[in-house]
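One letter stands for each residue in the lines below.
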Amino acid sequence: MTTIILKHDKAKRGGALRWFMQVGWKHLVGLFVIAFSTFPLLYILSTSLTETGNIENYVLFRQFYLGNYTDLLKSPDYPFVIWMKNTLILAGVTAVLSVFISALAAFAFSRLRFKGRRAGLLSLIAVQMFPSILGLVAVYGILSKITDYVPAIGLGTKTGLILVYLGGSLGGGTYLMYGFFNTIPKELDEAAKIDGATHTQIFFKIILRLVAPVLAVMALLSFIGTFGDYVLASIVFNTNEQYTVAVGLQLLLADPWTKNWAMFAAGAVMASTPIVILFVSLQKYITNGLTGGAVKG
Amino acid sequence: MRTRNKNFELHSGGTPSLRGTLAKIFILGIVDAGVGFVLMILIGKEKYGLAIFFGIVTIVVNWIYLRRGGLPAKYLAPGVLLLLAFQVYVVIFSGYISFTNYGDAHNGNYAEALDAIQQSAVEPIEGASEYEIKVVRSDDGAVQFLAFDLATNKIFMGGENYSKHPWREQTAADGLVTDDSGYPTALDGVTFLTDEEITEVDPGVTTLKIPLGPDLKKDGFIATADAFFAQQNRFSFTYDEKTRVMTRVSDNKEFIADETVGYFKSAEDGELLSGIGWQVRVGWSNYQKIFTDKNLRGPLGGILIWTFFFAFASVFSTFVAGLALALTFNDQRIRGLRIYRAIFILPYAFPAFLSAYVWRGLLNTENGFINNTILGFMGDNKIQWFEQQGAARAAVLLVNLWLGFPYMFLICTGALQAIPNDLTEAASIDGASPWKIVKFIKLPLLLVSLAPLLIASFAYNFNNFGAIYLLTGGGPFLDPTLKVEAGATDILITFVYRIAFSRSVGADYGLASAFSVLIFLIIGSISYFSFKRTRGLEERAQ
């Protein structure tokens, strides 16, 4: 703390040039990076406000036409509201369940000692290495088998897809969570155990409470992952009413530079806004969630 | 005795509460009811093997949760079950498939292939009558053809089910009414379908085969291509079940079911009867193909090099950018620091599939924002981002940098803040320059904590299907002579995806699975060895 104050004083005394050498240039860098990271987003926002999908003379925000938004919300061919609802249900349920089930397994790996523990951890990582996109054939095979017997959880159903998502996210999720649980001192639950706490009480009331912010971030990351899935959702769902936002918006891209491109832009803005806000407001915790506690943000 | 008792307590986790027990029984009850329902369906469909399998799994799950102790299993069961079903099974299945010829051409088992060949190989019976038809629905709901024989002016009717609706002549005695030219206008017991009703017949009218006699395969059938005219057809092949030989009717050539390739094949000249085959095990031949097939070996070398380059360059560029930014902005003196940080991570917060589409628009050669505004000074020398190899690869890397640098920025910032202040303060008191502090203190510490994440990032980018597929689709496809298309930005995974789900050449799951097993091995061993090395790094640092 003291050094910072000292440097501040020095900067003041040295005048503008010194300020620029120490801090000011960072603002220049910052502005450049801001331009780089935002112009695609500003571009799509501007496109969504044009009538034709073409930005006049390539100058952003010349037009403020809101028709694309209202058209998309009303369009019977592109039921955006239904897509959004489907996506939110899928991503929400997957996020909650995957975090909970991962937490259960991570608790076992972190706090209990059993045969095959190390091998289990290793195979969790190993299985994750398999290129999931190529498991599509098998996943499709499983789902269509399920459809033959229990159509309620087979192809074209949210439950079926949620099961697939869960199976896919558990390995990585468990491993990350395992890292967090290890950062919680064992003395805590041992003390609780001596006080007569059951294992469920330790799990729910001590461990889960302590990592609650991390759980929230992991749920958010899982939510975003599911939200953005195109490939799996596109093979499982095949009617307009079942589509997710990722699959549905693709329909609008069949011919770009037309009215549809502007509608796509409007859809992209509406679909991404809540996620972006959530993400940016939780950014403080997110670093932690990304690194599995290896790095404290 | 006392210690044993204590151990027991630790493992069983104390006495369960009443509420917990009730919740447990409630959830188990729901699960058991669900499985019971599924078992009933399976038994109803006579799938006893599957039913027994699920029954046993359920009993095991109940046993895990109802017995005392065995705590690890209680926590692991839900995750392990899901992982087994949707991950481990997927890996094993792909491994198995890689030793078969499973694909569009070999989709099902022998019986299915046989049926498909017979259904598709159809030819008109020469010299037989042609008909003008009306599609009708009889009172029992069956769709039938009422056919006017163009040669004899006789009228026939029949349906798909020969025993119920045999093909036979209709006369006034059946209630047939005809117009002046002998054309049917009404018949007892049937309604004529309107054009609209015809299009709604499921499955389509054009797939109907109305048998001419009790044996569809021998007697032939009536079929229509347009719901107006129909002719007598027969299957092009006859099949002998005992010898598993197909005989072509037109020239009596014999084709034998060959179990090594999964096709009907002529013993004389190796001619295949049809492109439709069945699934057989083919040993190592898919793996062999990867290394020897000219169509694959040609593009594969280039793709492999580009895949490694793409993965490495993506990790390197995003890490360098993220690290530089994190170092620059890890400075409390900067005003608006939080706003800067929030804006920097916007690309990461924006859903990635949308980003790919947005960039596709931005980089469009004619209408794109980049060529027209940012690179507007280049006038008409527009960069053809998606048409040239170099430009397309640069575009992919640029977009991946945009997508990935905020992640690196976040984790580098986190790691930087975790470095104790005392360390850097001590160094600066000792007179170390800021650059030296970065180089000798911050960077080594950062690398230790971030190495596993960088390896994971490499593995992720090695298989970064979305970044390539949604942006360029692997293109541009500059070599039109290739049998299996390979584009300039294709990485291994997109190339394999095309093999697996290709529409032009026909999907080859067997070959694609062999590839996935190899990719699995490549990524697995790279990760294994680099994790081992980073552990060494960590020990040295301590």
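Only a predicted model underlies this, so the values are computations on that prediction, with no experimental measurement involved. (Residues numbered from 1 in each chain as written. Chains lettered and ligands numbered in written order. Predicted model: local features only at pLDDT ≥ 70, side-chain atom pairs only at ≥ 80, totals over all residues.)

Trainee: Can you help me understand the overall build of chain B in this one?
Mentor: Summing up its helical and strand segments, chain B has 19 helices and 17 strands in all. Its C-alpha radius of gyration of 34 Å places chain B more than 25% over the 24 Å reference for a compact globule of 542 residues. With the C-alpha coordinates of chain B rotated into their principal frame, the extents come out at 115 × 85 × 50 Å. Burial statistics for chain B: of 542 residues in total, 34% are counted as buried. Long-range pairs, those at least 24 residues apart, make up 57% of the contacts in chain B with a sequence separation of at least 6. (Helix = DSSP H or I, 4+ residues; strand = E, 2+ residues; numbered from the N terminus. Rg over C-alpha atoms; globule rule 2.2 N^0.38 Å. Buried ≥ 20, exposed ≤ 12 C-beta atoms within 10 Å, placed from the backbone. Contact = placed C-beta atoms within 7 Å.)

Trainee: What is the right way to look at the overall build of chain A in this model?
Mentor: When helices and strands are counted, chain A shows 13 helices and zero strands. Each helix and strand of chain A, placed in order from N terminus to C terminus, yields the pattern α-α-α-α-α-α-α-α-α-α-α-α-α. For chain A, the proportion of its 297 residues judged to be buried stands at 43%. Sequence-distant contacts, at least 24 apart, represent 68% of the contacts inside chain A between residues at least 6 apart.

Trainee: Where do I start with the packing of helix 9 (residues 294-329) of chain B against helix 16 (residues 434-462) of chain B in this structure?
Mentor: In a packed pair of helices, the relevant descriptors are the angle between the two axes and the axis-to-axis distance. Residue and element names in this part refer to chain B. Contact pair helix 9 / helix 16: the axes reach a minimum separation of 10 Å and the direction vectors enclose 140°. Handedness of the helix 9/helix 16 crossing: right-handed. Contacts between helix 9 and helix 16 involve Thr-307, Phe-310, Ala-311, Ser-314, Val-315, Phe-319 and Leu-327 from the first element and Val-438, Leu-454, Ser-457, Phe-458, Asn-461 and Phe-462 from the second. (Axes fitted to C-alpha atoms, helices over the stretch in contact; angles between N-to-C directions. Left-handed = near helix turned anticlockwise from the far one by under 90°.)

Trainee: Looking at this model, I keep getting lost on the domain arrangement of chain B. Mind explaining?
Mentor: You'll often see interface size given as the accessible area lost when the parts meet. For chain B, the assigned domains read domain 1 (2-97), domain 2 (122-235) and domain 3 (291-541). Placing the centre of domain 1 of chain B and that of domain 3 of chain B at their C-alpha centroids yields a distance of 41 Å. (Domains from an automatic or database assignment.)

Trainee: Which parts of the structure should I look at to understand the packing of helix 2 (residues 18-44) of chain B against helix 3 (residues 48-66) of chain B?
Mentor: Residue and element names in this part refer to chain B. Packing of helix 2 against helix 3 brings their axes to within 9 Å, and their N-to-C directions diverge by 170°. By the angle class used here, helix 2 and helix 3 are roughly antiparallel. Contacts from Lys-24, Leu-28, Asp-32, Val-35, Val-38, Leu-39, Leu-42 and Ile-43 in helix 2 reach Tyr-48, Leu-50, Ala-51, Phe-54, Gly-55, Thr-58, Asn-62 and Tyr-65 in helix 3. When grouped by side-chain class, the residues that make up the contact of helix 2 with helix 3 number eleven nonpolar, three polar and two charged. (Parallel < 35°, antiparallel > 145°, perpendicular 65-115°, else oblique. Nonpolar A, V, L, I, M, F, W, Y, C, P; charged D, E, K, R; others polar.)

Trainee: How should the confidence of the model for chain A be read in this particular structure?
Mentor: Detailed reading of the predicted coordinates is not advisable wherever pLDDT falls low. Residues and elements named next belong to chain A. Here chain A shows a mean pLDDT of 83. Residues at 70 or above account for 90%. For chain A, the element scoring lowest by mean pLDDT is helix 13 (residues 283-291), at 72; helix 3 (residues 80-111) scores highest, at 93. Across residues 1-6 the pLDDT falls below 50, and counting only partners more than four positions away or on other chains, this stretch makes two contacts in the model. (pLDDT = per-residue confidence, 0-100.)

Trainee: What's the story with helix 9 (residues 212-227) of chain A in this structure? I'm lost.
Mentor: For an α-helix, 3.6 residues make a turn, and residues three or four places apart therefore share a direction. An ideal rise of 1.5 Å per residue puts 22 Å on 16 residues; helix 9 of chain A measures up with 22 Å between its terminal C-alpha atoms. All of the buried residues in helix 9 of chain A are A:Val214, A:Leu215, A:Val217, A:Met218, A:Ala219, A:Leu221, A:Ser222, A:Phe223, A:Ile224, A:Thr226 and A:Phe227. (Expected span 1.5 Å × (residues − 1).)

Trainee: Hey, could you run me through the interface of chain A and chain B in this one?
Mentor: Listed by partner, the interface residues are 78 residues for chain A and 87 residues for chain B. Ranked by the residues each element gives to the side of chain A that touches chain B, the list is headed by helix 1 (residues 2-48) of chain A, at 15 residues.

Trainee: What should I look at first to understand the sheet that holds strand 14 (residues 245-248) of chain B in this one?
Mentor: The strands making up a sheet associate through backbone hydrogen bonding, with each pair oriented either parallel or antiparallel. Residues and elements named next belong to chain B. If you trace the four strands from one edge of the open sheet to the other, you get 13-14-15-16, paired in antiparallel fashion. Either end of the sheet is taken by a strand with one partner, and the two such strands are strand 13 (237-240) and strand 16 (263-265). Each strand axis lies, on average, 30° off the axis of its neighbour in the sheet, ignoring direction. By the bridge criterion, four bridges tie strand 13 to strand 14 in an arrangement that is antiparallel. Paired with Phe-237 across the two strands is Arg-248, which belongs to strand 14. (Pairing = 2+ DSSP bridges.)

Trainee: I'm lost on the pairing of strand 3 (residues 130-138) of chain B in this one. Help?
Mentor: Working note: regular strand, side chains alternate between the two faces of the sheet. Residue and element names in this part refer to chain B. Bridging between strand 3 and strand 12 (residues 229-235) involves three bridges; their strand directions are antiparallel. Bridged to Glu-132 within strand 12 is Phe-229. Summarising the sheet, strand 3 and strand 4 (residues 143-149) pair through seven bridges and their orientation is antiparallel. The residue bridging Val-135 from the neighbouring strand is Phe-145, located in strand 4. With antiparallel pairing between neighbouring strands as the criterion, strand 3 and strand 4 make up a hairpin whose turn holds four residues, including Gly-141 at a positive phi of roughly 95°. Here strand 3 runs beside strand 9 (residues 190-192); their pairing, made up of three bridges, is antiparallel. Looking across to strand 9, one finds that Arg-137 is bridged to Thr-191.

Trainee: Help me understand helix 16 of chain B, please; the structure alone is not making it clear to me.
Mentor: Residue and element names in this part refer to chain B. Taking 1.5 Å of rise per residue, the 29 residues of helix 16 would be expected to cover 42 Å, yet its terminal C-alpha atoms sit only 35 Å apart, more than 12% below that figure. Of all the bends in helix 16, the largest measures some 55° and sits at Leu-450, one to four residues before the proline Pro-452. Inspection of helix 16 places Lys-442, Leu-446, Ser-449, Leu-450, Leu-453, Ser-457, Ala-459, Asn-461 and Phe-462 among the buried residues, and these make up the whole buried set. (Bend = angle between axes of the 7 residues up to and from the residue.)

Trainee: Can you help me understand the pairing of strand 11 (residues 221-224) of chain B in this one?
Mentor: Residues and elements named next belong to chain B. Sheet analysis places strand 10 (residues 210-211) next to strand 11, joined by two bridges and oriented antiparallel. Across the sheet, the residue bridging to Ile-210 is Ile-222, located in strand 11. Pairing geometry for strand 11 and strand 12, over four bridges, is antiparallel. Residue pairing across strands places Phe-221 opposite Asn-233, the latter belonging to strand 12. Count of turn residues in the strand 11/strand 12 antiparallel hairpin: four residues, of which Ala-227 carries a positive phi of about 70°.

Trainee: Help me out: how do you make sense of the nonpolar core in this one?
Mentor: Considering soluble globular proteins, one finds that nonpolar side chains tend to be buried as a cluster. B:Met408, B:Phe409, B:Ile411, B:Cys412 and B:Val496 are the most contacted members of the largest nonpolar core, which totals 164 residues. At 16 residues, the largest contribution of residues to this core is made by helix 14 (residues 389-418) of chain B. Every residue in contact with B:Val496, bar those within four places of it in the chain, is listed here: A:Leu134, B:Ala512, B:Phe515 and B:Ser516. Counting 21 residues, the second-largest nonpolar core is a separate cluster that includes B:Tyr131, B:Val135, B:Leu146 and B:Leu212. (Core = buried A, V, L, I, M, F, W, Y, C linked by C-beta atoms within 7 Å.)

Trainee: Can you walk me through the confidence of the model for chain B in this structure?
Mentor: All names here are of chain B. Averaged over chain B, the pLDDT score is 84; the fraction of residues at 70 or greater is 95%. Segment residues 1-13 is flagged for pLDDT under 50; beyond a separation of four residues in sequence, or across chains, it makes ten contacts in the model. Scoring of the predicted complex yields 0.79 for pTM and 0.84 for ipTM.

Trainee: Any chance you could explain unusual backbone geometry here in plain terms?
Mentor: Most peptide bonds take the trans form, and the phi angle of most residues other than glycine is negative. Residues and elements named next belong to chain B. Its identity is not glycine, yet Asn-153 carries a phi of approximately 65°, on the positive side. Inspection of the secondary structure assignment puts Asn-153 in the loop between strand 4 and strand 5 (155-159). The class of Asn-153 is exposed, set by 11 C-beta atoms lying within 10 Å. Of note, Ala-227 is a non-glycine position whose phi angle comes to about 70°, a positive value. With respect to the helices and strands, Ala-227 occurs in the loop between strand 11 and strand 12.

Trainee: What is the right way to look at the domain arrangement of chain A in this model?
Mentor: The domain boundaries assigned to chain A delineate domain 1 (2-66) and domain 2 (79-251). Computed from C-alpha coordinates alone, the two centres of domain 1 of chain A and domain 2 of chain A are separated by 38 Å.

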